Amino acid sequence: MTDTQFPRLRHGSEAWLAARDRMVEIIKDWATEERTDFYSTLSVLLRESHFSVPPRGTLMSHLLEAACRVEADRGVPVMLTAIVVNKRTGRPSDQFQTLAETEPFRRGDVPGWTWEMEKVAVFAHYGR
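Residues numbered from 1 in each chain as written. Predicted model: local features only at pLDDT ≥ 70, side-chain atom pairs only at ≥ 80, totals over all residues. Heavy atoms only, no water.

*Asks:* Explain the overall build of the chain to me, please; I cannot follow it from the model alone.
*Replies:* The number of helices and strands found in the chain is five helices and two strands. Written out in order from the N terminus, the α and β elements of the chain read α-β-α-α-β-α-α. Against the globule reference of 14 Å for 128 residues, the chain gives a C-alpha radius of gyration of 14 Å, in line with a compact fold. Seen through its principal axes, the chain has C-alpha atoms that stretch 45 × 25 × 25 Å. Among the 128 residues that make up the chain, the fraction classed as buried is 40%. For the chain, the proportion of contacts with a sequence separation of at least 24, taken over those separated by at least 6, is 67%. Accessible area of the chain: about 7200 Å², with a carbon and sulfur share of 50%. (Helix = DSSP H or I, 4+ residues; strand = E, 2+ residues; numbered from the N terminus. Rg over C-alpha atoms; globule rule 2.2 N^0.38 Å. Buried < 20%, exposed > 50% of the residue type's maximum accessible area, 1.4 Å probe, protein only. Contact = heavy atoms within 4.5 Å. Areas by Shrake-Rupley, 256 points an atom, 1.4 Å probe, with all protein chains shown as cover.)

As C-alpha cells, then:
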C-alpha cells in the first residue's frame, strides 16, 4: 500500500482521531506487557492499521501528545507515552519532556521527577 492510499491525517479530522485512538490501544498493550518500545515500531503498527505516521516528525509528535492528553481527559494519572522511546537513546524525545511540564501533567512541579519514574508509574497503572 502506498502513502497515497492512506487517509490524510489532518489534525482533528476523523482519520486523525482514529489514528490517535489506535495509537492509544497499541501503547496500552505495551504498558500491559510492561515494556517500552520504539517510535519506529509504533509507526509500523500504525501503518498495519492503515495510518501512515513516520517515526520521526511533527505528525508522530502531535499524535503522541494527543494520546497522552486523551488519557488524561479520561482521568488516567500517568503519561502513557512515557514508554515510547528512541531506538538510539532508549529515552522519549525532547517533546515528551516539554509535554510533561505543561497542563495537566506538570511533572516539573514534582521534585526529582524523571521519565523513568513516569515509565514505572505507567507500568504500575496499566500492568497486569
